[in-house]
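Inside the fold
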Amino acid sequence: MLFHRSSQHHASSPWSTLVALASLCLGIGALTGCSDTKASTDSTDDLGPGTHKDSAPPAFGSSDSAAFAPGEQGDGFHDPRIEALQQAIDRGDLLQAGTLRTQADAVLTPLDRVLLDARLALLLEDDIVMEQNLAAARGIAPGDARVLATAIEVHAWRGMNATANQELAQALELFKGALLPAELLRAQGIVDICTERMSRVGLKHLEDARAAQPRLPFCDRALGQAHLLVGKSHAGDDRRTALSHAVKAAEIDPGDPDVRVFLADMLMMNGEWGAGLQVFEEAIAAGEDLGPELANHYQKAGIVALHQSHRDLAIEYFLRARELGILDEELRTGLQVLTDEALVHVALARTAREGGNLTLWEDQLAEAATFQPGLHAIAVERGEACTDQAMAALAEQDLEAAVLHFKAALVHDRNSLLARHYLATLHFEMGDFESAVDQWYEVVDLASLEKATLPEPVHIRLAEALGRCKRMEEGRQVLQAYLDLEPTGEYVDLTRQLLRDLPPPPPESQPEDDGSLDAKSNRAQPNDDTAEDGVPAENVEGADVGGRSADDSADDSNADDGNADDGNADDDGGRPNEGSSGETEEPVTSDGGR
């Protein structure tokens, strides 16, 4: 099945400049349509089985054709209208070929007309019309080399290899002992390149045909395909030779997608990564869907650039790979390079913020986001900036503004312990105890998860807030959870003292012990009975969680511990003196003093 290509190329495109540069690097002269270069005469290529399909190769062409007015007189075979039509057919531009066919009709001979119409029918994949025109041509000039060659070529391009080979054998027999016409040399070359492992021989026949008749039509498509196939046959063992054929194919037909990809691959295989990537970019600009393939090439090019100490170029390549759709996990080394670059700009942003230059701060964060948009460090930096604003508002005694800035900080970085703790403190001071409870629970959980050491006893502040919410038993669980999770913590003694100072829970509200040590999972819900049995919230101050201040409890403890030295339980709840060994334990005050 013949592949039709309607897009046209322009000799003045950047692609043409790149091909010319590659030619100079290789020492190859630009093809002008007539080449003296001889291909290898090996009878077999290096291509493996399956390289050639039983179908015609893509249509080829070389340049835009101008339209000519009907009736304009030319010089027969070389009439510009006919040549323009032949070129359009050769490159598979069916739309332009149809227009030019009408314009050239006035100067076409009957034989030229049916031969060209047979090739047009090939483009349309209309086998019936194609065969009808071939039959008409044979009726007009049965032994004409152009008739024989046209039949052989359209059958070969159509994938009818057996028919093409049979017709070629008959034509060669007909001209046996005589100089083979250029048209039949061309037909022989086309049959060869449509046959497995014969592309090198086919290239030689095509170049011989072009040398015999420099203006021979219908050669460009075949020559471009021949150079492509021969180049591929050398790709495994001779990359320089493969690149030279890729360059020649691109000079003849820069619009062919296969030629573009092969040239790009060969440029990169020969170390010309930048040039190869440019070829791929131009292919994408021309409408080729090469995104995923090109993304992988950019990723590899980035690694090469990195190894050659071209870090900036490597970063550019990694960014382009991501833009073309490669996933971060596929970038591997590239991802680390981009992350490191982003962190550099985050550090610069922090310096700018500390220096009061917020414009530069924003610019640096935006730059960091170009390298790693979802980087957590960017969110943390933005959260810290909001925290700075909140602290400034606190200094001005603007509590409401401080709350808003702390909340904004948590939008950027929900794991900011500092912002959450200050926000909880503000909620508490403003009388919103439930919100304070929610924030301090988060602080306690995050600290436990991150194994962070808090600068103050947040669990005590949480228990105090729970007491203000009349959730006394939940506060008891928070304090006990601290002892279970931090048996050697800084605030163990104070926490034990506060637990001893709490009144015992009523029997009906005693929670079942499920063995859990997680303060958050054991949160008690507000209970009317507990609220009635507890001490009014307005009596709670400082580190008080049960209606008695720590100082008061210390005084009571001194009064009640008269029998503590004999190991008996103390009087405030029947609880044994923890850690006692027959001696009276000194009470712990809320400030940690004894």
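Predicted, not measured: the structure shown is a model, and the values here were computed from it.

Secondary structure summary: the chain contains 27 helices and zero strands in total. A burial count over the chain gives 50% of its 594 residues as buried. Taken as a whole, the chain presents about 27900 Å² of accessible surface, with 51% of it coming from carbon and sulfur.

In this section: the confidence of the model for the chain. Put simply, the chain has an average pLDDT of 78, and 72% of its residues get 70 or more. Within the model, pLDDT remains below 50 along residues 1–76, and this stretch shows 201 contacts once partners closer than five positions in the same chain are excluded. Per-residue pLDDT stays below 50 along residues 514–594; that stretch engages in 112 contacts with residues further than four places along the chain or on separate chains.

What follows concerns helix α13 (residues 273–285). In this model α13 runs 18 Å from its N-terminal to its C-terminal C-alpha over 13 residues, within 8% of the 18 Å that 1.5 Å per residue would give. When we look at burial in α13, the residues that qualify are W273, A275, G276, L277, V279, F280, E282 and A283. A positive backbone phi angle near 105° is found at G287, which sits one or two residues after α13.

Generally speaking, soluble globular proteins have nonpolar side chains that are buried together. Ranked by size, the top nonpolar core spans 49 residues in total, and within it F262, L263, M266, L277, F280 and Y298 carry the most contacts. Mapped onto this core, the elements with two or more residues apiece are α11 (239–252), α12 (257–269), α13, α14 (291–307), α15 (311–323), α17 (333–354), α18 (358–371) and α19 (376–395). Looking at this core, the element that brings in the most residues is α12, giving eight residues. Ignoring anything within four residues of it in the chain, the contact list for L277 reads M268, L294, H297, Y298, A301 and Y317. Ranked by size, the runner-up nonpolar core spans 37 residues in total, among them M130, L168, A171 and L184.

All told, the structure shown has 28 salt bridges when counted by the stated rule. Its salt-bridge partner being R101, residue D105 comes within 2.7 Å of it at the nearest N-O pair. With its nearest N and O atoms 2.6 Å apart, the salt bridge here joins R146 to D112. On the criterion of sequence distance, the pair formed by R146 in helix α6 (residues 145–157) and D112 in helix α4 (residues 110–124) is long-range, its members being 34 residues apart. Under the relative-accessibility criterion, R146 is labelled partly exposed at 23%. A network of salt bridges, in which partner residues are shared, links R350, R353, E381, E384 and D388.

Attention now moves to the packing of α13 against α14. The contact between α13 and α14 brings their axes to 11 Å, and the two run at 160°. Put simply, α13 runs roughly antiparallel to α14. Pair α13 / α14 crosses with left-handed handedness. Residues W273, L277, F280, E281 and I284 of α13 lie in contact with α14, whose contacting residues are G291, E293, L294, H297, Y298, K300, A301 and V304. In terms of residue class, the contact of α13 with α14 is made up of eight nonpolar, two polar and three charged.

This part takes up the packing of aromatic side chains. In this structure the tally under the stated criterion is four aromatic pairs. Residues F428 and F433 carry aromatic rings whose centres are separated by 5.1 Å and whose planes lie at 70° to one another, so their mutual orientation is edge-to-face. Judged by its relative accessible area of 11%, F428 falls in the buried class. Between the aromatic rings of F428 and W440, the centroid separation amounts to 5.9 Å while the plane-to-plane angle is 55°, which identifies the pairing as tilted. With F428 in helix α21 (residues 417–429) and W440 in helix α22 (residues 433–450), this pair connects stretches of sequence that are 12 residues apart. A connected cluster of aromatic rings, assembled from ring pairs, spans F428, F433 and W440. Seen from the ring of F218, R119 lies directly overhead, with NZ or CZ sitting 3.9 Å from the centre.

For the rest of this paragraph, the subject is the side chain of R186. Relative to the elements of secondary structure, R186 occurs in helix α8 (residues 182–193). R186 sits in the buried class, given a relative accessible area of 3%. When sequence neighbours within four positions are dropped, the list of residues in contact with R186 reads R119, A149, E153, L206, A209, L216, P217, F218 and C219.

Unlike most non-glycine residues, S309 shows phi in positive territory, near 65°. Residue K451 is not a glycine yet carries a positive backbone phi of 55°. Along the chain, K451 falls in the loop between α22 and α23 (458–468).

Below, the discussion takes up α22. Counted at 1.5 Å a residue, the expected span for α22 with its 18 residues is 26 Å, and the 25 Å between its end C-alpha atoms agrees. Every buried residue of α22 is listed here: A436, V437, Q439, W440, Y441, E442, V443, V444, L446 and A447. In this structure, the buried residues of α22 make contact with α20 (399–412), α21, α23 and α24 (472–485). One or two residues past the end of α22 sits K451, with phi positive at roughly 55°.

Counting through the fold element by element, K232 comes out in helix α10 (residues 220–234). Residues K232 and M266 lie 34 residues apart in sequence; the distance between their C-alpha atoms is 9.3 Å.

Moving on, we come to the side chain of H155. Relative to the helices and strands, H155 resides in helix α6. A relative accessible area of 2% places H155 in the buried class. Those residues in contact with H155 that lie beyond four places of it in its chain are M130, E131, L134, R138, M160, N161, T163, A164 and E167.

About the cut-offs
- Residues numbered from 1 in each chain as written.
- Predicted model: local features only at pLDDT ≥ 70, side-chain atom pairs only at ≥ 80, totals over all residues.
- Heavy atoms only, no water.
- Helix = DSSP H or I, 4+ residues; strand = E, 2+ residues; numbered from the N terminus.
- Buried < 20%, exposed > 50% of the residue type's maximum accessible area, 1.4 Å probe, protein only.
- Areas by Shrake-Rupley, 256 points an atom, 1.4 Å probe, with all protein chains shown as cover.
- pLDDT = per-residue confidence, 0-100.
- Contact = heavy atoms within 4.5 Å.
- Expected span 1.5 Å × (residues − 1).
- Core = buried A, V, L, I, M, F, W, Y, C linked by side-chain atoms within 4.5 Å.
- Salt bridge = Lys/Arg side-chain N within 4 Å of Asp/Glu carboxyl O.
- Axes fitted to C-alpha atoms, helices over the stretch in contact; angles between N-to-C directions.
- Parallel < 35°, antiparallel > 145°, perpendicular 65-115°, else oblique.
- Left-handed = near helix turned anticlockwise from the far one by under 90°.
- Nonpolar A, V, L, I, M, F, W, Y, C, P; charged D, E, K, R; others polar.
- Phe/Tyr/Trp six-rings, centres within 6.5 Å; stacked < 30°, edge-to-face > 60°.
- Lys NZ or Arg CZ within 6 Å of the ring centre and 35° of its normal.

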